[in-house]
Amino acid sequence: MEVSKLNRFLALFIDGIIGSILYYLGVFLYGATGLSLLVTIGGLVYLAYLLLRDALFGGQSIGKKVMKYKAVKEDGTSLDGDFMSSLIRNITLLIPLVDAILVLIDKPRLGDTIAKTKVVNV
């Protein structure tokens, strides 16, 4: 069964919130300590989560767990611990318009095509 566009958007939104919390934790700690390096670290942790999230937590990001789907390799194997596939799959999110258009016209995301992955319901 195909994962709905709404579920994919909501999972991405949830993951964005999680990443933002990580970033703003660095901002908060900067305000408490005055160490500007903490803002940079928060930003790097945010970026790392967004790029590597499909290799964490049993192969599902937090948003995907909540929405009950996951990204897998084309042969159906898990991305759990496969940080390179997760990175390749998610790097295209840095150019969001391309992936958004592909999803809206019912095509696989560019990241899925390049990384040879797909999304499935669990």
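Residues numbered from 1 in each chain as written. Predicted model: local features only at pLDDT ≥ 70, side-chain atom pairs only at ≥ 80, totals over all residues. Heavy atoms only, no water.

## Regarding the overall build of the protein chain
Formally: To qualify as a helix, a DSSP run of H or I must reach at least 4 residues; to qualify as a strand, a run of E must reach at least 2; elements of each kind are numbered from the N terminus. We take the radius of gyration over the C-alpha atoms and set the globule estimate at 2.2 Å times the residue count to the 0.38 power. Relative accessible area decides the class of each residue, using a 1.4 Å probe on protein chains only: under 20% of the type maximum gives buried, over 50% gives exposed, and in between gives partly exposed. The contact criterion used is simple: two residues touch if any of their non-hydrogen atoms lie within 4.5 Å. Here the open area of atoms and residues is found with the Shrake-Rupley method and a 1.4 Å probe, where only the protein chains shown may cover a residue. Charge counting treats Lys and Arg as positive and Asp and Glu as negative, with His and both chain ends excluded. Just so you know, the charge point we use is NZ for Lys, CZ for Arg, CG for Asp and CD for Glu.
For the protein chain, the helix and strand inventory stands at six helices and two strands. Taken from N to C terminus, the helices and strands of the protein chain fall in the order α-α-α-β-α-α-α-β. Relative to the 2.2 N^0.38 estimate, which gives 14 Å for 122 residues, the radius of gyration of the protein chain is 15 Å and therefore close to what a compact globule would have. C-alpha atoms of the protein chain, sized along the principal axes, occupy 50 × 30 × 25 Å. The buried share among the 122 residues of the protein chain stands at 31%. Once local pairs closer than 6 in sequence are excluded, the contacts in the protein chain between residues at least 24 apart make up 59%. Accessible area of the protein chain: about 7100 Å², with a carbon and sulfur share of 73%. Counting 13 positive and 10 negative side-chain charges, the protein chain places the averaged centre of each group 2 Å from the other.

## Some points on the side chain of Arg-8
Looking at where Arg-8 falls in the secondary structure, it is placed in helix α1 (residues 5-33). Under the relative-accessibility criterion, Arg-8 is labelled buried at 16%. Once residues lying within four places of it in the same chain are set aside, the contact partners of Arg-8 are Val-3, Tyr-69, Arg-89, Val-103, Arg-109, Asp-112 and Val-119.

## Quick word on the pattern of salt bridges
Under the convention used in this document: One speaks of a salt bridge when a side-chain nitrogen belonging to Lys or Arg is within 4 Å of a carboxyl oxygen belonging to Asp or Glu.
Under the criterion given, the structure shown has six salt bridges. Note that Asp-112 and Arg-8 form a salt bridge whose closest N and O atoms lie 3.4 Å from each other. Here Asp-112 is found in helix α6 (residues 110-115), whereas its partner Arg-8 is found in helix α1, with 104 residues between them in sequence. Residue Asp-112 shares its accessibility class with Arg-8, and that shared class is buried. One continuous salt-bridge network, built from bridges that share partners, spans Arg-8, Asp-54, Lys-64, Arg-89 and Asp-112.

## Quick look at the packing of aromatic side chains
Put simply, the rule reads: Ring pairs are drawn from Phe, Tyr and Trp, using the six-membered ring of Trp, whenever the two centres fall within 6.5 Å, and their geometry is named by plane angle: stacked under 30 degrees, edge-to-face over 60, tilted for the rest.
All chains considered together, the criterion is met by two aromatic pairs. On the numbers, 6.1 Å between centres and 25° between planes, the contact of Phe-9 with Phe-13 is stacked. Residue Phe-9 and its partner Phe-13 are located together in helix α1, separated by four residues, close to a single helical turn. For Phe-13, a relative accessible area of 48% corresponds to the partly exposed category. Between Tyr-23 and Tyr-24, the ring centres sit 5.0 Å apart and the planes meet at 75°, which makes this aromatic pair edge-to-face.

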